[in-house]
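Letter by letter, the chains look like this.
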Amino acid sequence: MCGIAGYIGYREAYPIVINGLKRLEYRGYDSSGVMLYDGKEIQLSKTKGKVSDLEVITNKEEERKKGRIGIGHTRWATHGVPNDINSHPHVSQSGDLVIVHNGIIENYDSLKKELISRGYVFQSDTDTEVLINLIEEVKKTEKCKLGKAVQLALTSVIGAYAIAVFDKTKPNELVVARLGSPIAIGIGKENKEFFVASDASPFIEYTKEAIYIEDEEMAIIKLGKKIQVRKIQNDALVNHNVLELQMSLEQIEKGGYDHFMIKEIHEQPKAIIDTYRGRMLPDQGMIKMSGIDDHLSKFLHADRIIIIACGTSWHAGLVGEYLLEEFVRIPVEVEYASEFRYRNPVITSKDIVIAISQSGETADTLAAIKLAKSKGAFVFGVCNVVGSSIARETHAGAYTHAGPEIGVASTKAFTTQITVLSLIALKLAKEKGTFSESRFQNYLRTLELIPNQIEQLLNIDATVKEIAAVYKDAKNCLYLGRGFNFPVALEGALKLKEISYIHAEGYPAAEMKHGPIALIDENMPIFVIATSKGHYEKVVSNIQEIKSRSGKIIAIVTEGDTQVKEIADHVIEIPETEEAFTPLLTTIPFQLLSYHIAVMLDKNVDQPRNLAKSVTVE
Ligand code: AGP
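The written sequence of each chain sets the order in which its residues are numbered from 1. For a predicted model such as this one, the threshold for reporting local features is a pLDDT of at least 70, and the threshold for listing and counting side-chain atom pairs is 80 or more; totals across whole chains, interfaces and linings nevertheless cover every residue. In computing side-chain properties, one takes all heavy atoms of the structure into account and sets aside hydrogens as well as water.

Enquirer: Could you give an account of the environment of Phe 414, naming the residues involved and the relevant values?
Expert: Mapped onto the fold, Phe 414 is located in helix H14 (residues 412–432). Given the relative accessible area of 0%, Phe 414 is considered buried. In the structure, Phe 414 is positioned 58 residues away from Ile 356 in sequence and 10.0 Å away in space, judged by C-alpha atoms. Comment: elements are numbered from the N terminus, with helices defined as DSSP H or I runs of at least four residues and strands as E runs of at least two. Between buried and exposed lies partly exposed: a residue is buried under 20% and exposed over 50% of the maximum accessible area for its type, with that area taken using a 1.4 Å probe on protein chains only.

Following this line, the structure appears as structure tokens:
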């Protein structure tokens, strides 16, 4: 969690750092701060609240914005409540060293006691202030430069970090390091300027050249020099290729929409095309996925597939379970990464683990991958962020190519993850012979229609808005679905909870009678997915049960449905497709519904309270 943005070069650093922090607010936004150095003095501005609150402070004094070196931070609190003092950057006792940090120093307490015994006094409750003073202490006792001090200090740190450190006595350099949290370094022409950030979005308009340092590496960034990357443990030099960034500025801006979430909802047709482009080749009757092709025999001879993920990605994983079992006839288990990593799971080298993550940085998923690898499993990643930790940690994988997802509530990440899982299931079904050629072809052609169908479905926005207006004041909601659409019910409920703070539960429709039915009365809106091929008659019976208890029914049905229309209070139609692909459609009305309800309730849609886009802590 937390976002880091920094600059060193010939331009004014303030606008670069502040705009960078705004782009990184999806990582955390309970407090923020910036340090500028104008060649004489360190200017520190920090506050509880968002980057816009920080700007109120900096706008009062032009001095606070001056300098060609700057580091900034947007925080998601771990140690110490969000307040002005705990906000980053943190300054060392001498006032010379300044740090921004993303992560957790687990042994901060013992380090702090040691530093207190050596005369250090702490202002904040943070682990970060401990780290900067530890670096200062090492620098003093070892009489070394900042880079060496950071390296030595980090060898005694347990935890996770991405840090950027500035030393007033050597103002032409920045030192960054990472373990478990990402750091990208943008490189300006002839090394005349450098950018550091938690991802490349803060510097995309300035340079397309970047390097991503790996875990347990640090980089010494000096103006006019090539970046020096070293291993933290043994100080060995590491060679990193400079990457050409593909991201464009347009991709990370709102493009005329009020919020990123609604922009990303509307981007889904294109995102899904990007996901299957070059992979799904109906004319050649095949699916090409190098991550699978290169390890095909492993997939064909696997005893079982275990899917690990968190949150929305876990819901996509559940859809994956239905797809893979139905298409490939292979046993699949879906696990919360956070549970899996701590329960000593039984895994063998004949298991394939599929790890799903939009950000590719989720700490629990990353730890679960490492555990699965240590037990001999082959791990395949499904990630959106190229070059992310999970993408690098897995043996092979497939990117979703959804483009940057900025809204904290996942939308296009979910549908593109399902698209990748559909491609994998279809490919394996063909290779394994569980699908006939004609069935395979038919499914391919059907999947190809989905982006257009979503485009068509997005036209229901006005209808969904009307429904949102009716139910926006509900205190509790129930989401029901069966089979392929049970995970969509879970996802629909999660979307509503996340951004409108209305309590919602997702349930398999038939489970309703085992408990949740007790909640139903005339105040309870119940969103039911009743697609024509998805145990339709059974779901209709469930709808009848709700009706006879006076619950309000909002049903998602297949075009042309007549039966449910007669019973439900509101009906939303989705275009006809194979049942296995309906989650790609049924989820759209739920995304729109939660969006409109949150807007009507005046909630912060893109940055809901207490959440962060990538959860890089346990
Ligand atoms: C989705 O709306 C959530 N914000 C959250 O559940 C998210 O899906 C989860 O934290 C996993 O993130 P990842 O896909 O980046 O690993």
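What follows continues from the structure just given.
Enquirer: I'd love a proper account of the layout of surface pockets, names of residues and values included.
Expert: In this analysis, the protein atoms alone were mapped onto a 1 Å grid. Cavities are point sets where a 1.4 Å probe fits without being able to get out; pockets are open sets with protein on both sides within 12 Å along at least five of seven lines; lining residues have an atom within 4 Å of a point. Grid points are joined across faces, edges and corners, and a volume is the space filled by probe spheres set on the points. Within this model, the largest pocket holds a volume of roughly 1200 Å³. In terms of lining, the largest pocket is formed by 48 residues, of which the most central are Met 247, Gln 251, Asn 384, Gly 403 and Pro 404. Breaking the lining of the largest pocket down by element, the ones donating at least two residues are strand E15 (243–244), helix H6 (260–266) and helix H7 (268–276). Here the lining of the largest pocket takes 3 residues from H7, the largest share from any one element. A class-by-class count of the residues in the lining of the largest pocket yields 16 nonpolar, 16 polar and 16 charged. Residue ranges labeled as domains rest on an automatic or database domain assignment. When residues of the lining of the largest pocket are assigned to domains, at least three fall in each of domain 1 (3–251) and domain 2 (254–435). Space inside the second largest pocket adds up to approximately 620 Å³. Surrounding the second largest pocket, 31 residues form its lining, Gly 311, Glu 498, Ala 612, Lys 613 and Val 615 being those nearest its centre. Secondary-structure elements contributing two or more residues to the lining of the second largest pocket are helix H10 (311–328), strand E20 (351–357), helix H12 (363–374) and helix H17 (486–500). Of all the elements, H17 adds the most residues to the lining of the second largest pocket, at 4 residues. Under the scheme applied here, ten amino acids are nonpolar (Ala, Val, Leu, Ile, Met, Phe, Trp, Tyr, Cys and Pro), four are charged (Asp, Glu, Lys and Arg), and all others, including Gly, are polar.

What is shown is where atoms sit, not what they do.
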